[in-house]
Amino acid sequence: MPDQLIFAMEVFLNGLMAGVLYALVALGFVLIYKASGIFNYAQGVMALFAAMTLVGIMNGQVPFAHLINAIFGTHVHYFGWNVPALVAIVLTMGVMVLLAWCVQRFVMRHLVGQEPIILFMATIGLAYFLEGVADLMWGSEIKTLDVGLPQGINLWIDESTFNIFGYGFFIDNLDIVATVIAALLVAALVAFSQYTKQGRAMRAVADDHQAALSVGISLNFIWVMVWSVAGFVALVAGIMWGTKSGVQFSLSLIALKALPVLMLGGFTSIPGAIVGGLIIGVGEKLFEFAVGPLVGGATENWFAYVLALIFLVFRPQGLFGEKIIERV
Amino acid sequence: MFYREAGDFKTSYRDDNQTFPIKFDRYRYYVVLAVAFGIIPFIINDYWANALLLPFLIYAIAAIGLNILVGYCGQVSLGTGGFMAVGAYACYKLMTAFPDVSMFVHVVLAGGITAIVGVLFGLPSLRIKGFYLAVATLAAQFFLVWLFNRVPWFYNYSASGQINAPERDVFGIIITGPNAPAWATYLFCLIFLTLSAIIARNLTRGTTGRTWMAIRDMDIAAEIIGVNPLRAKLSAFAVSSFFVGVSGALFFAIYLGAVEVGEAFGIQKSFLVLFMVIIGGLGSIFGSFAGAAFLVLLPVVLKVVGADLLGWPTDIVAHLQLVIVGGLIVLFLILEPHGLAQLWRVAKEKLRLWPFPH
């Protein structure tokens, strides 16, 4: 087999793995969009916020330490304990639920019935707000996150591919774990929305707010729940990305990468988010591999968006989206 | 007392159609112009020009441009930073290729080139709507920034990859480069802002503006009553990109002088201008001014209060600024979706009835 083809295969596999991570972020978008029609730009920042909170709790950082020190002239930074990863994850989840409640109570409740684009801009504002709060709470320096996930090259794949092709593929263990977790997450979400009472209520709300209200479903509760679930997805995504590339501001930019994923998959489809993520992941890696060297590299910055743009011109509702019917 | 139309009789259609039909409004407008052109250039210094006035003037042009697209035509764009970069690089290429031509011509041509690019990226808007379009414009943002970073022709093969504005003059007065006097740069930008505002105001209250607003309010209905969506949307993209391009050219040539594209025209810039438009007021020229002034002033005020008066570290002030800006955006959308311009309108309405509000 020619070398180029083998390299391309490796790139393809790595693209799939990257795509899974994009899909993880995209999932959070789809959940909120389906249930409340809000396009939540803040999803990426929520992942950043979750990851920072997790690190902060694990290291026993004092929240708002910098601010407290600046106001009162004290020098507190750490409580002096370390929290085990599992406990910290549970605590962080608690914070995300609290956040979901706050968002619902103080922002979204006042914006019910506004145009979608107003809601979208409100979430942009929310993203800035959250980012500022996260930085104030935990400091803005780059942090490493280690919750005990395996990392580094997977030797088994390396050896077995070496035996077959005479060239060992480099696949990160973390990516494999991420794939498994993403699969579990999707299965859990589908099961939740199909087989539980709350899940059915969520789908009812997504279908028709007023009809759901009239059969006795509490919109407030459902929306808080949806934002909490999105917070949970953000936490998972935050752990994955944080372990991979450190907890830092660029984490929130991944949300932007999730947008073309959504556009390909359609805003309303969970399988669409996965497939879209895989297409974008593979597409941008292969494009960079094939065309990148010719035009100066770093095509990953824009490939996903341009692909989505071209795609949308031909199929505006995405691969799996519901057909858009417009009436006057 | 002062602000009312009583006693101000119009005897011709011309009078009835003027931009400021109320006398008080009209005189206020002349006074503002007189102060801006006649007094400020004589008392301006470098600090005021660079910290407040130049960014305000330049962002106001960008905000007017974006407001035409988002506020009047309803097409949300997140590609403002990319289009500003087009203006800046077009201006740079023109300045270096034709050193003897006046800067006025360069800036206007840069706006024209940006308009063409804007129309190209506006083409998908005929098929895509709402935030699908917003995401599609991200393609413009990232692709254009990447293009200017990677293709050496755009930055004249300079080693640093930056572009630096060479010294150029208008009628013998230096207006770019480090030796330009503050009053000259200020006046140069002010002229462009004034012209932009007048053009935008008159476009938006004429036929063109009405078709834009029809598309914004409901595009299918507009199409049925005979508005051509192709022309309306693309003309909005063209006009909007023109202004944004002009502001990008000024931002680079007059204000910064040297530009690294990813830093100066990144996605943050797109959001900044969008925030100006939201806070100022969607669909209002005055709102563009108010929003630009507000978001230019806010960091300066925060820095003065937080870092200089209270002595906090600058990074905390920067984070606080994020919190405040984000919170304000949400607050404005909840309390006053039409922004500062609406507050101004309400104040004027109150003033008309004052002191007998019933």
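If you're wondering where the values come from, they're calculated on a predicted model, not measured in any experiment.

Looking only at helices and strands, one finds 15 helices and four strands in chain B. Compactness check: chain B gives a C-alpha radius of gyration of 21 Å against a globular reference of 21 Å for 358 residues, within 12% of the reference. Referenced to the eigenvectors of the C-alpha coordinate spread, the extents of chain B come out at roughly 70 × 55 × 45 Å. Across the 358 residues that make up chain B, the buried fraction comes to 46%. Partitioning the contacts of chain B with sequence separation of at least 6, the portion at a separation of at least 24 is 76%.

In terms of regular secondary structure, chain A is built from 14 helices and zero strands. What you see in chain A, going N to C, is helices and strands ordered as α-α-α-α-α-α-α-α-α-α-α-α-α-α. Overall, chain A is about 60 × 60 × 40 Å in size when its C-alpha atoms are taken along their principal axes. Classification of the 328 residues of chain A by burial places 43% in the buried group. Look at the contacts in chain A between residues 6 or more apart in sequence, and 73% of them connect residues 24 or more apart.

Taken together, the contacts link 37 residues of chain B with 43 residues of chain A. Of all elements in the fold, only helix H6 (130–150), helix H9 (219–224), helix H12 (267–280) and helix H14 (314–335) of chain B reach the threshold of two or more residues within the side of chain B that touches chain A. Split by residue class, the side of chain B that touches chain A holds 30 nonpolar, four polar and three charged.

So, about the packing of helix H3 (residues 46–72) of chain B against helix H13 (residues 285–309) of chain B. All names here are of chain B. At a closest axis distance of 8 Å, the pairing of H3 and H13 adopts a crossing angle of 140°. Regarding the angle of H3 to H13, the classification is oblique. In the packing of H3 onto H13, the handedness of the crossing is right-handed. Between H3, through Ala 51, Leu 52, Pro 55, Phe 56, Tyr 59, Ala 60, Ala 63, Ile 64 and Asn 67, and H13, the contact on the second element is made entirely by Ile 285, Gly 287, Ser 288, Phe 289, Gly 291, Ala 292, Ala 293, Val 296 and Val 300. Looking at the contact of H3 with H13, its residues break down into 14 nonpolar, four polar and no charged.

All names here are of chain B. Assignment of secondary structure puts Leu 282 in the loop between H12 and H13. Owing to 25 C-beta atoms within 10 Å, Leu 282 belongs among the buried residues under this scheme. Residues Leu 282 and Leu 295, spaced 13 residues apart in sequence, show a C-alpha to C-alpha distance of 15 Å. Residues contacting Leu 282, with those up to four places away along its chain left out, are Asn 67, Val 70, Gly 71, Val 277, His 338 and Gly 339.

Residues and elements named next belong to chain B. Positioned with a positive phi, Asn 156 is a non-glycine residue whose angle comes to about 55°. Summarising the element assignment, Asn 156 is placed in the loop between H6 and strand S1 (163–164). Judged by the 12 C-beta atoms lying within 10 Å of it, Asn 156 is exposed. Its identity as a non-glycine residue notwithstanding, Tyr 157 has a phi of 60°, on the positive side. The residue Tyr 157 is located in the loop between H6 and S1 in this model. You can call Tyr 157 exposed: it has 8 C-beta atoms within 10 Å.

Moving on, we come to helix H7 (residues 173–195) of chain A. Residue and element names in this part refer to chain A. With 23 residues, H7 extends 33 Å between its outermost C-alpha atoms, agreeing within 8% with the 33 Å of an ideal straight helix rising 1.5 Å per residue. Burial in H7 covers these residues: Asp 175, Ala 178, Ala 182 and Ser 193. For H7, the elements touching its buried residues are helix H1 (3–36), helix H8 (197–207) and helix H10 (219–245).

A few words on the confidence of the model for chain A. When pLDDT drops low, the exact placement of atoms in the prediction is not to be read closely. Mean pLDDT over chain A works out to 81, with 96% of the residues at or above the 70 mark. Mean pLDDT across the secondary structure elements of chain A bottoms out at helix H6 (residues 155–165) of chain A, with 73, and peaks at helix H4 (residues 85–107) of chain A, with 88.

This next bit is on the environment of Val186(A). All names here are of chain A. In this fold, Val 186 is placed in helix H7. A C-alpha to C-alpha distance of 7.7 Å links Val 186 and Ile 270, two positions 84 residues apart in sequence. The residues contacting Val 186, other than those within four sequence positions of it, are Ile 270 and Ile 274.

Residues and elements named next belong to chain B. Across the interface, helix H2 (residues 23–43) lies against helix H7 (residues 182–204) with an axial gap of 10 Å and an inter-helix angle of 165°. On the basis of the axis angle, H2 is roughly antiparallel to H7. The handedness of the crossing between H2 and H7 comes out as right-handed. Here Ala 36, Phe 37, Ile 40 and Pro 41 of H2 lie close against H7, whose contacting residues are Trp 183, Tyr 186, Leu 187 and Leu 190. Along the lines of polarity and charge, the residues of the contact of H2 with H7 split into eight nonpolar, no polar and no charged.

Per-chain confidence: chain B averages 87 in pLDDT, with 99% of residues scoring 70 or above. Scored as a complex, the prediction yields pTM 0.86 and ipTM 0.80.

Cut-offs used in this document
Residues numbered from 1 in each chain as written. Chains lettered and ligands numbered in written order. Predicted model: local features only at pLDDT ≥ 70, side-chain atom pairs only at ≥ 80, totals over all residues. Helix = DSSP H or I, 4+ residues; strand = E, 2+ residues; numbered from the N terminus. Rg over C-alpha atoms; globule rule 2.2 N^0.38 Å. Buried ≥ 20, exposed ≤ 12 C-beta atoms within 10 Å, placed from the backbone. Contact = placed C-beta atoms within 7 Å. Nonpolar A, V, L, I, M, F, W, Y, C, P; charged D, E, K, R; others polar. Axes fitted to C-alpha atoms, helices over the stretch in contact; angles between N-to-C directions. Parallel < 35°, antiparallel > 145°, perpendicular 65-115°, else oblique. Left-handed = near helix turned anticlockwise from the far one by under 90°. Expected span 1.5 Å × (residues − 1). pLDDT = per-residue confidence, 0-100.

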